[in-house]
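# Structural characterization, general
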Amino acid sequence: MKKHVAILLILVLMMSLFSVGCVKKVETAQEGEQGAQEDVIKIGVFEPLTGANAAGGELEVQGIKLANEKYPEVLGKKVELVIVDNKSDKVEAANAATRLVDKDNVSVVLGSWGSGFSIAAGQVLKEKQVPAIGTSATNPLVTKNNDYYYRVCFIDPFQGKVMANYAFNEVGAKKVALVIEKSNDYSVGLAKFFEEAFVALTGDENAIVSKVFYITGDQDFSAQLTNLKDSGAEAIFAPGNFTESALIMKQARELGIDLPILGGDTWETPDLLDIAKETAEGVVFSTFFDAKATFNENTTEFLEAYEKAYPGKEPAAVTALSYDAYVLAIDAIERAGSADPKAIRDAIAATKDFKGAAGIVNFDENGDAVKSAVIKTVKDGKFTFKTIVDPK
Amino acid sequence: MKERKNIKKLLNIGAICFAIVLLYIFNQVFNSFQMRIFNLCGIYVILALSLNLINGFVGLFSLGHAGFMAVGAYTCALLTMSPDMKAMNFFLEPIAPWLENINLPFGSALIVSGLMAAIAGALIGAPVLRLKDDYLAIATLGFGEIIRVIFTNTQSITNGSLGLKGLAKIGWFNASSESIWWIWGIVILTIVFMVRLIGSSYGRAFKAIREDEIAAEAMGINLFKHKMMAFVIGAFLAGIGGALLGHLIGTIDPLMFRFLLTFNIVLIVVLGGTGSITGSVISAVIVTVAMEALRVLDGNIEIGGYMIQGIPGMRMVVFSLLLMIVILYYQRGLMGTNEFSWDILIKRFKPSKH
Amino acid sequence: MMSFQTFMQHLVNGISLGSLYALIAIGYTMVYGILRLINFAHGDIFMLGTYFAFYAMTSFMLPWWAAFVIAIVLTCVFGMIIERTAYRPLRNSPKISVMISAIGVSFLIENLAIVLFGGRPKAFPIPPLFGNIINIGGVRIANIVFIIPVITIISLAILLYIINKTKIGMAMRAVSKDYQASMLMGIDVNHVISVTFGIGSVLAAIGGIMWAMRYPQLMPLMGIMPGLKCFIAAVVGGIGNIKGAVIGGFILGLSEILIVAFLPELSGYRDAFAFVFLILILLFMPGGLMGENIKEKV
């Protein structure tokens, strides 16, 4: 009996050693190439290509590749993309960043979908002094206390402000109830920023009349939602994971709650419409981009390129953002005049009125983009463009 | 006989010296990725030993390990984090004032985090250790989940779901090369402690309780005292392991300490053999390395020019299958309740004496 | 404060959730009563039942009633296979081994489901008959809220009939009282346990389909929390006691809703309530509400 176990375990061990060996081989091959081609500028990309967030990573790589086809050269040299998988895992994200810098000697890093992965990689990049341009991670911590991380998307405090403005001006609400996904940092943060902005707008300390909580994975929200009935709220702000949010919309409507429901950028997935069906009708959320929201000539350029590569499809917001991240990187390298990471960092920091496909980008003192947001709603079972909100 | 005892003592010391030399070499040759995996192995050894003490030696089926690890990890992270870093982390809701300026060196913070986990273990153990088998399992599982839910909700202490970022590197000097000494040093201490504990009268009492509680009680063994002792020691070590894990990765959040984490450790203990220190050590290393290596299953595999489409999640399927095979056909695991001992080796090399 | 109407709405919500817990807890408690084993995989069998019904309706375009019948039959077969491969070989092993096996099976099913069905949620198509909402004096009640208790009661009646009036039921009771003795009496213990598992899985599938109609979102890990909570409901009612499981389910559902109703600021702790409840019951009333306190046999 024991022999069998031993054999089994030895097999597993051998397999693992074998695979480690394989990985090594590939790496050395790349190193060899690098010596031969000095006239190449490398841009690293780390995205979740497998695991829970693979869908998001895929969309971002699309945008980066599209931009690379459009702008394949800078400073007269060819741009080589080094795309690595962070496997939807924080530890892997840190490993991926280490690899990009140590093994591949990239000049600048793009990515990643998901704030957690960006934060984990950010610590490595800061230490190694290689600049990074974030694509769609909205958590303020990504760039805070990190001089080497910038991003082309706006962040949660701004998004909270945008939605508070919308609730106050467009919906005309004076009292709002919050439904918060307590185990999701995105939801907790956005709700907090919304609250601050909304209280400031109304000048009423008690403008948030009710706060109820749930945990990721919950399926029954009837008790939390029934509580909102008596609260006197005129609108509900319920940012969170789209899976739970879809059930919240459904259950709220079933309970006869007809208040406007507002949320954040995570809602923009077809799955939300599938699950919530007609109950999603009329919900409003902020996001980064819409094909109908033409910011400038680069938007048209991006849309044309996208239509050519993926005919008949609408680009996702994150695809536009990752497209912008690449173009900004090229722009910065050009302005820096070299492939030296530190020079590129300074060039990125000095960016002014960069015309991105998803809006004009300026950086604040943390390296976060100050730019316009897009507000969308669900109409006839489809996400529909509503308006653009400019930063104030 | 006496001669053999001396030989064994020398061999033990020799083995430890050899281990230290080995660690020194590893520290020189490993790249940062290999280093991370190797350190992870060490942490899993500590965790597996702590669970094996409870599950394997005393026969208490506890599933609350992730909870104790969370207590340890958060305690250590909050104690070692500088006030500036705390202010940055707690940007949504300010940290509780009594926590704001506490700052301890890593070593003492580690001990405190072990103690905090031990206190949690004592508080949980006192009521639930009266329960048997499956009831104990589900009650401890429940406590593990309760700890996680509390940590998610107490935002001014744990920063809730935002987690903590920027945990200091393991050790006093904020240098990467230091972690291996701390982690594997604690591994060696833990192994020595476990061997001595199991060899002592307490160890024999533990095993007696595992084999037959009623007979053990009839022999005059205080059931509650011994169960509690194992449970608290196990929690202490789990707290230390959790703290090391948090500092190795550099960021923690409540989601990390799901039941899945406990399950990984149960898997290691079962594969190694419940009730074997040697088994736990070997299987912790194998499982950790294999978990990393099997990641290839999730990606695309190329064999002889053929591309096999990777299936995300396949790795976990393979692992659960492996566990099922071991449970069903090799119930004793790698080592059963056997231990590595010098006697076997000495016998082999000195056949002339007999 | 809270209006009467709102309170009634909470009550309806509680009954609706409670009846779902009750339905699933029956299957849990039955398997435990006969095998003395916490079937950790029960929640995953529940998940499989919903996916079978989903694919029968969407991929094979079957009418809902046919899809439900097929899903229930498939789940039943699946449950029996699990018992045969994962539990039967361990019949004479220590309890801990069987429990580790149960946890292992549960993880295997979950991970297989992630690979086979994908990690993204799927929308369960609700047949129109079950989806309507009735408004009684401002209290909104979904049709399904009336249907679930009826199904629970029918399942309970059939189950009690099987256990008390049929030959296989008698054998089940014998196995549950004394495993060794019933073997000596010539009862085919393996067959009895297999049938028990089959019935338990049927109940899990029914519970799963009802759950999916109330919360129409399928995910590979959707069975974990309902599984744990229904186990708690079974313990509250006195594990092994079928009527107790129904009562336990209603108590758990109602108290979960009412605690959030009266203390909304604690709603973030909602998932911890059930476990606190469980631990209190285990400590102060280990036999549950309906069960007798059995002393451990020496």
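All values reported here derive from a predicted model rather than from experimental measurement.

### A few points about the interface of chain B and chain C
- With 33 residues of chain B at the interface, the matching set in chain C holds 32 residues.
- Elements with a contribution of two residues or more to the side of chain B that touches chain C: helix H6 (106-128), helix H7 (133-153), helix H13 (259-272) and helix H15 (314-329) of chain B.
- With twelve residues, H7(B) is the largest single contributor of residues to the side of chain B that touches chain C.
- Each residue belonging to the side of chain B that touches chain C can be placed in one class, and the counts come to 23 nonpolar, six polar and four charged.

### Quick notes on the domain arrangement of chain B
Residues and elements named next belong to chain B.
- Per the domain assignment, the segments making up chain B are domain 1 (1-30) and domain 2 (31-353).
- Measuring from the centre of the C-alpha atoms in domain 1 to the corresponding centre in domain 2 gives 25 Å.
- Tallied by class, the residues present in the side of domain 1 that touches domain 2 amount to seven nonpolar, one polar and two charged.

### So, helix H7 (residues 167-177) of chain C
Residues and elements named next belong to chain C.
- Taken together, the buried positions of H7 are occupied by Ala171, Met172 and Val175. Summarising the axial view, the buried residues of H7 lie within an arc of 105 degrees, below the 170-degree limit, and thus occupy one face.
- Of the surrounding elements, those touching the buried residues of H7 are helix H1 (4-35), helix H6 (143-165), helix H8 (179-184) and helix H9 (189-214).

### Focus on the interface of chain A and chain C
- Facing the 26 residues of chain A at the interface are 26 residues of chain C.
- Listed by contribution, the elements that provide at least two residues to the side of chain A that touches chain C are strand S8 (208-214), helix H7 (222-229), helix H8 (242-254) and helix H9 (270-276) of chain A.
- Tallying contributions element by element places H7(A) first for the side of chain A that touches chain C, with six residues.
- Taken together, the residues that form the side of chain A that touches chain C break down as ten nonpolar, nine polar and seven charged.

### Examining the nonpolar core
- In terms of nonpolar packing, the biggest core is built from 342 residues, with Ala97(A), Val176(A), Phe237(A) and Ala329(A) touching the most fellow members.
- Beyond its immediate sequence surroundings of up to four residues, Val176(A) is in contact with Ala167(A), Phe198(A), Ala207(A), Ile208(A), Ala233(A), Glu234(A), Ala235(A) and Phe237(A).

### Considering unusual backbone geometry
All names here are of chain A.
- Cis geometry marks the peptide bond from glycine 111 to serine 112; its omega dihedral reads 5 degrees.
- Position of serine 112 among the secondary structure elements: in the loop between strand S4 (108-110) and helix H4 (115-128).
- Unusually for a residue other than glycine, leucine 75 sits at a positive phi of about 55 degrees.
- Position of leucine 75 among the secondary structure elements: in the loop between strand S2 (73-74) and strand S3 (77-85).
- A positive phi angle, near 60 degrees, is found at asparagine 145, a position not held by glycine.
- Checked against the element boundaries, asparagine 145 lands in the loop between strand S5 (132-134) and strand S6 (149-151).

Analysis parameters
- Residues numbered from 1 in each chain as written.
- Chains lettered and ligands numbered in written order.
- Predicted model: local features only at pLDDT ≥ 70, side-chain atom pairs only at ≥ 80, totals over all residues.
- Contact = placed C-beta atoms within 7 Å.
- Helix = DSSP H or I, 4+ residues; strand = E, 2+ residues; numbered from the N terminus.
- Nonpolar A, V, L, I, M, F, W, Y, C, P; charged D, E, K, R; others polar.
- Domains from an automatic or database assignment.
- Buried ≥ 20, exposed ≤ 12 C-beta atoms within 10 Å, placed from the backbone.
- Arc of directions from axis to C-beta.
- Core = buried A, V, L, I, M, F, W, Y, C linked by C-beta atoms within 7 Å.

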